[in-house]
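Here is how the chains run, residue by residue.
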Amino acid sequence: MSNERPGAGLDFVRAIVAEDLATNKWDGRVVTRFPPEPNGYLHIGHAKSICLNFGIAQENEGGRCHLRFDDTNPCKEEQEYVDSIMEDVRWLGFDWGEHLYYASDYFDQLYEWAIQLIKEGKAYVCDLSVEEIRAHRGTLTETGTESRYRERSVEENLELFERMRAGEFEEGSRVLRAKIDMNAPNMHLRDPVMYRILKASHHRTGDKWCIYPMYDYTHGQSDSLEGITHSICTLEFEIHRPLYDWYCEALRIYHPQQIEFARLNLTYTLLSKRRLIELVTEGLVNGWDDPRMPTICGFRRRGYTPEAIRDFCKRIGVAKADSINEIEQLEHCLREDLNKRAPRVMGVLDPLRVVIENYPDDQEEELDAINNPEDASMGARKVPFSKVLYIEREDFMEDPPRKFYRLAPGREVRLRYAYFITCTGVVKDENTGEIVELRCTYDPDTRGGDAPDGRKVKATLHWVSAAHALETEVRIYEHLFTKENPADLDEGEDWRDYLNPDSLQVLPACYVEPSLANAKPGDRFQFERKGYFCVDPDSTPEKLVFNRTVALRDTWANIQKAQQQAK
């Protein structure tokens, strides 16, 4: 018989769940939830929470994870955000089934509970202004001051609260507050606001209500109503837990267990909702799904796969202390996934024209090219070859330094899947001196890339046939910020100071092989030697647009190697 504790080897959240199952704490139930506010788009930090909550439910027999929208602020919430959140959760590979909920479903019950607290002398209507309430709260080192309305009678509070609901008072004139302790060390317990007057239409309840519950009053009770067993939150909610506990105990209702974990932070990235809104509204990016944005829809448009994001969330684990994760590790997970699934194609981003002088003018042929060397089942394709080609400009140097093995005058190289070619001449622009064309010869006996006489070349270049290639636009993305932690600012600094002016480079005239003619938005490919690319929704039947998802160079692998060597 093993003496090993339940949950050994698991992260601390899963260990708690395992221990609770072993002790039958929740009658063998595992019920989690993902509770976003529908006032913005989800980002990569939310992906960690989604993977954790839905993952724990999936891992335990009979477990379930609810999707609940904490929609308590009609001024900031829209159906657009509800729809986008559902799309993102599904795209990540999770489904809530029949368990879709809204906090607004509970507005009637929350109102009845507020009445109950008033009747028991645990809540009161306060006429202080927002500024006065803030001043009365005190500070971390000074206790608060009780409101002069704190000792109103139950009857008066009930009457005023009902009149608040009836719409008799203006916004900001009155609130309902919990009556707890203005001397509590935890400032969230200093008579927090439960309800405020908001004469705004709600995206689901319309104009039924003109008073709305605060998030902190709604959140814990929603968990209670849904029978959540493990209410998993990020660390910033730890200080709110005593208030959630107080409400459940004061109302004598089912009391879920709250567990806090460290949120996801990424280098060269801001995940603050306020900052992301500013990026969009100030026109610093091209919308919420800009491929430079850390939103899930931005990652999707850039070409990330849900498998890569789930793998990243699994690898970084779940901790109790905040830390910052290197974006290179996310890119490493992406490369590993795309390496297995992305078809290989050839695309030239900075084209240099090559004329093969000894190739017949009227001849064309098709060469066999492997679609993915990692997966033989993906088969092969035909690539057209002709007299005039495009290669990358960086693959030629007129006066090459040592260790440059690519094309140069008099040098022989291999064209991928094709022939050996030798550069015999250079054509330059008469005015600028820029190289505009190379003259080469080919060896017809090297078809397929090998020489019968066994001679070797030191470089293999990708290329496209000029007569057959498709002209495309390619967008090259880099980090949005130049500072590793753009949230770590000295006094007087502005996060905008660290926006990367080179985060987007548009290449309007690139060429790809004709096999991509029917590529659709969202399709992903590896452009050999250049990186992974995804077809952008801006594509038209006349011209494809590709986003570079990630370069081939694996910085994270190099970081890991250096760390191992340093040990």
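Higher on the page you've got the structure.
1. A few points about the packing of helix 2 (residues 44-59) against helix 11 (residues 306-316)
Two quantities define a packed helix pair, namely the angle between the axes and the distance from one axis to the other.
Stage number 1. Taken N-terminus to C-terminus, the directions of helix 2 and helix 11 make an angle of 75°; their axes are 10 Å apart at the nearest point. On the basis of the axis angle, helix 2 is roughly perpendicular to helix 11. Of the residues in helix 11, those touching helix 2 at I44, A47, K48 and C51 are I309, R310, C313 and I316.
Stage number 2. A breakdown of the residues in the contact of helix 2 with helix 11 according to their chemical character gives six nonpolar, no polar and two charged.

2. Comments concerning empty space enclosed by the protein
If a probe as big as a water molecule is rolled over the atoms, it shows which places are left empty.
Stage number 1. Going through the model one piece at a time under the given rule, you end up with one cavity of 30 Å³ or more.
Stage number 2. If you add up the space inside the largest cavity, you get close to 80 Å³.
Stage number 3. Residue assignment for the lining of the largest cavity shows that the elements contributing at least two residues are helix 7 (215-225) and helix 8 (241-251).
Stage number 4. Counting residues per element, the lining of the largest cavity draws most heavily on helix 8, which supplies four residues.
Stage number 5. For the lining of the largest cavity, a count of residues per class yields three nonpolar, five polar and three charged.

3. A few points about the sheet that holds strand 11 (residues 347-348)
Picture the strands of a sheet paired through backbone hydrogen bonds; they go either parallel or antiparallel.
Stage number 1. Spatially, seven strands are ordered 10-23-24-25-21-22-11 in an open sheet, and the strand pairing comes out mixed. Two strands close off the open sheet at either side, each with one partner strand: strand 10 (344-345) and strand 11.
Stage number 2. Relative to strand 22 (residues 504-512), strand 11 is paired through two bridges, and the arrangement is antiparallel. Residue pairing across strands places V348 opposite Y511, the latter belonging to strand 22.

4. Some remarks on the environment of L42
Stage number 1. Considering the arrangement of structural elements, one finds L42 in the loop between strand 1 (31-34) and helix 2.
Stage number 2. By relative accessible area, which is 2% here, L42 ends up buried.
Stage number 3. Separated by 156 residues in the primary sequence, L42 and L198 have C-alpha atoms spaced 26 Å apart.
Stage number 4. With near-sequence residues (within four places) excluded, L42 lies in contact with F34, P36, I50, I85, D88, V89, T295 and I296.

5. Side note on helix 6 (residues 154-166)
Stage number 1. Over its 13 residues, helix 6 runs 18 Å from end to end, which matches the ideal 18 Å to within 8%, given 1.5 Å per residue.
Stage number 2. All of the buried residues in helix 6 are N157, L158, L160, F161 and M164.
Stage number 3. Two residues or fewer after helix 6 comes G167, characterised by a positive phi angle close to 85°.

6. Points about the packing of helix 4 (residues 107-119) against helix 7
Stage number 1. Where helix 4 contacts helix 7, the two axes come as close as 11 Å, and the packing angle between them is 110°. When the axis of helix 4 is compared with that of helix 7, the two are roughly perpendicular. With respect to the hand of their crossing, helix 4 and helix 7 are arranged in right-handed fashion. Here helix 4 contributes Q109, L110, W113, A114 and L117 to the contact with helix 7, which in turn contributes Y217, T218, Q221 and L225.
Stage number 2. Classifying every residue of the contact of helix 4 with helix 7 gives six nonpolar, three polar and no charged.

7. As for the layout of surface pockets
Stage number 1. Within this model, the second largest pocket holds a volume of roughly 440 Å³.
Stage number 2. Contributing to the lining of the second largest pocket are 27 residues, with R302, I327, E331, E478 and H479 lying nearest its centre.
Stage number 3. Looking at the lining of the second largest pocket, the elements with two or more residues in it are helix 9 (273-281), helix 10 (296-302), helix 12 (327-341) and strand 25 (545-550).
Stage number 4. Looking at the lining of the second largest pocket element by element, the count peaks at four residues for helix 12.
Stage number 5. In terms of residue class, the lining of the second largest pocket is made up of 16 nonpolar, three polar and eight charged.

8. Structural notes on helix 8
Spacing of three or four residues puts side chains on the same side of an α-helix, whose turn is 3.6 residues.
Stage number 1. When we look at burial in helix 8, the residues that qualify are L243, Y244, W246, Y247, C248, A250 and L251.
Stage number 2. Where helix 8 is buried, its residues contact helix 4, strand 5 (175-178), strand 6 (193-197), helix 7 and strand 9 (257-261).
Stage number 3. Looking one or two residues past helix 8, R252 carries a phi angle of roughly 60°, positive in sign.

9. Comments concerning the pattern of salt bridges
Stage number 1. Counting across every chain of the model gives 61 salt bridges.
Stage number 2. In this structure, the salt-bridge partner of R163 is E168, at a minimum N-O distance of 2.6 Å.
Stage number 3. A residue is classified by how much of its surface remains accessible, and R163, at 29% relative accessible area, is partly exposed.
Stage number 4. We note a salt bridge from D350 to R393, for which the minimum N-O separation is 3.9 Å. On the criterion of sequence distance, the pair formed by D350 in the loop between strand 11 and strand 12 (351-356) and R393 in the loop between strand 15 (388-392) and strand 16 (412-415) is long-range, its members being 43 residues apart.
Stage number 5. The exposure class of D350 is partly exposed, given its relative accessible area of 40%.
Stage number 6. Residue R393 is classed as partly exposed on the basis of its relative accessible area, which comes to 25%.

The rules behind each value
- Residues numbered from 1 in each chain as written.
- Predicted model: local features only at pLDDT ≥ 70, side-chain atom pairs only at ≥ 80, totals over all residues.
- Heavy atoms only, no water.
- Axes fitted to C-alpha atoms, helices over the stretch in contact; angles between N-to-C directions.
- Helix = DSSP H or I, 4+ residues; strand = E, 2+ residues; numbered from the N terminus.
- Parallel < 35°, antiparallel > 145°, perpendicular 65-115°, else oblique.
- Contact = heavy atoms within 4.5 Å.
- Nonpolar A, V, L, I, M, F, W, Y, C, P; charged D, E, K, R; others polar.
- 1 Å grid on protein atoms, 1.4 Å probe; cavity = no way out; pocket = protein on both sides within 12 Å on 5 of 7 lines; lining within 4 Å.
- Points joined across faces, edges and corners; volume = space filled by probe spheres on them.
- Pairing = 2+ DSSP bridges.
- Buried < 20%, exposed > 50% of the residue type's maximum accessible area, 1.4 Å probe, protein only.
- Expected span 1.5 Å × (residues − 1).
- Left-handed = near helix turned anticlockwise from the far one by under 90°.
- Salt bridge = Lys/Arg side-chain N within 4 Å of Asp/Glu carboxyl O.

The values are spatial; any link to function lies outside them.
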